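# Commentary on secondary and tertiary structure
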Amino acid sequence: MNDIKNTDCLIRTENISKFFEQKTGLFNSKKEIVRAVENINIHILKGETVGLVGESGCGKTTLGRTILRLIDPTNGNIFFDGNNITSISGKELRKLRRNMQIIFQDPYSSLNPRFKVKHIIAEGLYNFKNELKLDNISIDKIVSEILEKTGLSKDASTKYPHQFSGGQRQRIGIGRAIALNPKFIVCDEPLSALDVSIKSQILNLLHELKKEYKLSYLFISHDLKITASISDRIYIMYLGRIIEELPSSQLFKNPFHPYTKALISAVPEIDSDKRRKRILLEGDVPSPVSIPSGCPFHPRCLKAMEICKSKTPKYLKKGDNHFVACWLYDQNSDSRHKTQDSSKS
Amino acid sequence: MQKQDKLKDNDIILEIKDLHTYFYNNSKNPVKAVEGINLTLYKKEVLGIVGESGCGKSLTARSILKILPTGAKIAQGSIFFNGEDILTLKQKRLNEIRGKMISMIFQEPSSYLNPVLTVGFQVSETYTAHFPNDKKNALKKTIQIFKEVGIPDPSKRIKNYPHELSGGQKQRVMTAMALINNPDIIIADEPTTSLDVTVQAQIIKLFKDLLKNHSSSIIFITHDLPLVSEIADRIMVMYAGMNVEEAPTKELISKPLHPYTKSLLESIPPITEKWQKLKTIEGQVPDPSEKPAGCPFHPRCIYAEKDCSTKKPYMIEVEKGHYTSCYHYDKI
């Protein structure tokens, strides 16, 4: 990632980790540490859509929320537009909030049922009324503009969320996110609660808005096809770590990591000629409380070697924007067997 | 798995004729959630039912076992299982059929398993309910069926409670429960929707393996057309409580004869190098209480003509085994 200039990056994370403490046992007597996100370095360029893919419980939502500072990281630094935002607070954080928004997965629970649509979309605008020098008339104008852009009818503004279908509610959620003209939006599984015929509508809308507002997206999803179709670059996550990074055009053509390969092989394909050979993984994703040693994927990996059990693989560059953390691709192959100290990553 | 040529009338195991299931909640007018479904299921066949949420696919399945949600009632129609009309059966006979001859796998295993009973007990209960005099064998049977559905270390696992198992394992337990009596029909209602893709692939593999060893027919309900195309022999597409197309899987995919099926197939994102605007179906899925007149799909259909908004369509057999409910199928 050295060839990327700092100034091109909108978002950059430096070894961020987020651990949660969890009390278990009789009368909550024991403490467990859930290592939800560990040592993650990602970057998002200006105007880029970056996909984040992984199975449930792998920490993708935690990572998205940590970047937005909705959750504070345990370790590491987050940079937004070149500024370190890891520990800012008060006025500075408030200013930042204007530039970062989120679209939630569930359009039913993420909209206040007692607010009219007008109010939902304008809430951020009211909040920043003084900074943006807005009055009620200009806010109304912005709201009706947003309604039009998100494909909702004008009379929607005086209705309540329950009067809309799932797809329309997701449009309201998107309208709320773009109201303040942000630079960066985290889309946290924005399509997974929607019907098949509605998904493609919303995906098209997200792409149009991105061009119009010059947005950068972090697109979190477990659906590989949808993520590949909207993203420029994709990170694959497993148990709180990034295990592969690749341009989305390479995802179905040239994946490296055995986990990525297995994920892709599991995608159902309608055309029987295009069906890939299934790589069936054994078992389920382990709990983030007890992450396996070495490469976290080794207990399920069909190609696991001795070294995978003990040493964490390095994150290696394997092509243009293509990185992988897997011992199979460590060219210094002798090191698999003899090295003792080269595996610090 | 194409056995279309061999399908004969005496191989029919389940036949639904003109089924209407309505919701009679607070209002005077019933909500017509299922409106005139006809369905035929053959022995040893996998039938996929595809549709979006609210199209009545789950309600159709639940009507077969008469396990309807509150407020719903079967208003009209008949369901013949091995020659008997389920809808006219007495409770006692119905209980014999449920779980023994027709069983069901639900979408969310965690909410269908009792959290305070061991999974082994819950599975063996399904057996002892039908064979009360054979309690001795129940445990043995349970362990055997756990092994078959791919639960490792079955003699230990039967002592586990549902919360101790992962989502994929719970779905295997549900499958074991549905299979233990070797039923004639298994109804799987979105069995993989709440699971991750890698686990989904495991469950689909399990279903395929089970088909080899069991003589059950499967009704596989889902909204995921690519997924069901991997396992089903025939697919039935539903929209707004009606059946809009029915055909052998390969034919339905290669030559859809209903605009809705065609749009569904086209809205699957293709694997491309660069962003391509996706084809969409404009508009929303209609509210079941305010269905459009005529063909329910006509407000969203690009092929719609004047008569579509007035004439109610019915299923036409265009080719052998390939039915569509579109008058203008020749334009597609």
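### Quick look at the overall build of chain A
Secondary structure assignment for chain A yields 12 helices and 13 strands. Relative to the 2.2 N^0.38 estimate, which gives 20 Å for 345 residues, the radius of gyration of chain A is 22 Å and therefore close to what a compact globule would have. When the backbone C-alpha atoms are referred to their principal axes, chain A occupies close to 70 × 50 × 50 Å. The proportion of buried residues among the 345 residues of chain A is 53%. Across chain A, contacts joining residues at least 24 apart in sequence account for 65% of those joining residues at least 6 apart. When the accessible surface of chain A is summed, it comes to about 15800 Å², and 47% of that surface belongs to carbon and sulfur atoms. Each charge class in chain A was averaged separately, 53 positive and 38 negative side chains, and the resulting centres sit 2 Å apart.

### Topic: the nonpolar core
Among the nonpolar cores identified, the biggest contains 89 residues, and Leu14(B), Ile187(B) and Phe220(B) are the most heavily contacted of them. Element by element, the count of residues in this core is highest for helix α8 (residues 197-213) of chain B, at 7 residues. Every residue in contact with Ile187(B), bar those within four places of it in the chain, is listed here: Ala61(B), Ile64(B), Leu65(B), Ile102(B), Ser103(B), Met104(B), Ile105(B), Ile219(B) and Ile221(B). In this structure, Ile146(A), Leu147(A), Ile178(A) and Leu180(A) belong to the second largest nonpolar core, which totals 39 residues.

### A word on the confidence of the model for chain B
Scored by pLDDT, chain B comes out at a mean of 90, with 97% of its residues at no less than 70. The complex prediction reports pTM at 0.88, with the ipTM value standing at 0.83.

### Remarks on the sheet that holds strand β12 (residues 322-324) of chain B
Residue and element names in this part refer to chain B. Reading across the sheet, the 8 strands line up as β6-β7-β8-β3-β9-β10-β12-β11 and stay open at both edges, with mixed pairing between neighbours. With one partner strand each, in any of the chains shown, β6 (102-105) and β11 (316-319) form the two edges of the open sheet. In this sheet, neighbouring strand axes are inclined to one another by 20 degrees on average, regardless of whether the strands run parallel or antiparallel. Strand direction decides the pairing type here: strand β10 (residues 242-248) and β12, joined by 2 bridges, are antiparallel. Each bridged residue has a counterpart across the sheet, and for glutamate 246 the counterpart in β12 is tyrosine 323. Packed on one face of the sheet, helix α1 (residues 57-65) meets β3 (46-50), β6, β7 (185-189), β8 (217-222) and β9 (234-239) and runs near 145 degrees to β6. Running at roughly 175 degrees to β6, helix α7 (residues 167-179) makes contact with β6 and β7 of the sheet.

### Describing the interface of chain A and chain B
In this assembly, 37 residues from chain A lie in contact with 40 residues from chain B. Note on chain A versus chain B: buried area summed over both sides is about 3400 Å², and carbon and sulfur give 56% of it. One can count 3 salt bridges joining chain A with chain B. A salt bridge links Glu230(B) to Arg275(A), with the shortest nitrogen-to-oxygen separation between them at 3.9 Å. For the pair chain A and chain B, the number of links is 15 residue pairs in polar contact (both at pLDDT 80 or more). Counting only elements with at least two residues in the side of chain A that touches chain B, the list comes to α7 (196-213) and α8 (224-230) of chain A. The element that contributes the greatest number of residues to the side of chain A that touches chain B is α7(A), accounting for 9 residues. Looking at the side of chain A that touches chain B residue by residue, the class counts come to 13 nonpolar, 12 polar and 12 charged.

### Re the side chain of Asn243(B)
Residue and element names in this part refer to chain B. Within the fold, asparagine 243 resides in strand β10. Separated by 3.4 Å, the side chain of asparagine 243 and the backbone oxygen of asparagine 38 make a polar contact. Asparagine 243 has contacts with Ile37, Asn38, Met236, Val237, Met238, Met315 and Ser325, leaving out every residue within four places of it along the chain.

### Remarks on the confidence of the model for chain A
Averaged over chain A, the pLDDT score is 89; the fraction of residues at 70 or greater is 94%. Below pLDDT 50 for its whole length, residues 334-345 of chain A participates in 19 contacts with residues either more than four positions away or in separate chains.

### A closer look at helix α3 (residues 117-127) of chain A
Three or more residues of α3(A) are buried, namely Val117(A), Ile120(A), Ile121(A), Ala122(A) and Leu125(A). The secondary structure elements touched by the buried residues of α3(A) are α4 (129-132), α5 (136-149) and α6 (166-178) of chain A.

### Details of unusual backbone geometry
You will see that Lys214(A), though not glycine, has its phi angle at about 50 degrees, which is positive. Following the sequence through the fold, Lys214(A) ends up in the loop between α7 and β9 (216-221). For Lys214(A), a relative accessible area of 68% puts it in the exposed group. Even without glycine at this site, Ala240(B) takes up a positive phi of about 50 degrees. Within the secondary structure, Ala240(B) is located in the loop between β9 and β10. A relative accessible area of 6% places Ala240(B) in the buried class.

Cut-offs applied
- Residues numbered from 1 in each chain as written.
- Chains lettered and ligands numbered in written order.
- Predicted model: local features only at pLDDT ≥ 70, side-chain atom pairs only at ≥ 80, totals over all residues.
- Heavy atoms only, no water.
- Helix = DSSP H or I, 4+ residues; strand = E, 2+ residues; numbered from the N terminus.
- Rg over C-alpha atoms; globule rule 2.2 N^0.38 Å.
- Buried < 20%, exposed > 50% of the residue type's maximum accessible area, 1.4 Å probe, protein only.
- Contact = heavy atoms within 4.5 Å.
- Areas by Shrake-Rupley, 256 points an atom, 1.4 Å probe, with all protein chains shown as cover.
- Lys, Arg positive; Asp, Glu negative; His and termini not counted.
- Charge placed at Lys NZ, Arg CZ, Asp CG, Glu CD.
- Core = buried A, V, L, I, M, F, W, Y, C linked by side-chain atoms within 4.5 Å.
- pLDDT = per-residue confidence, 0-100.
- Pairing = 2+ DSSP bridges.
- Axes fitted to C-alpha atoms, helices over the stretch in contact; angles between N-to-C directions.
- Buried area = accessible area lost by both parts, 1.4 Å probe.
- Salt bridge = Lys/Arg side-chain N within 4 Å of Asp/Glu carboxyl O.
- Polar contact = N/O pair within 3.5 Å; in protein donor to acceptor, adjacent residues only side chain to side chain.
- Nonpolar A, V, L, I, M, F, W, Y, C, P; charged D, E, K, R; others polar.

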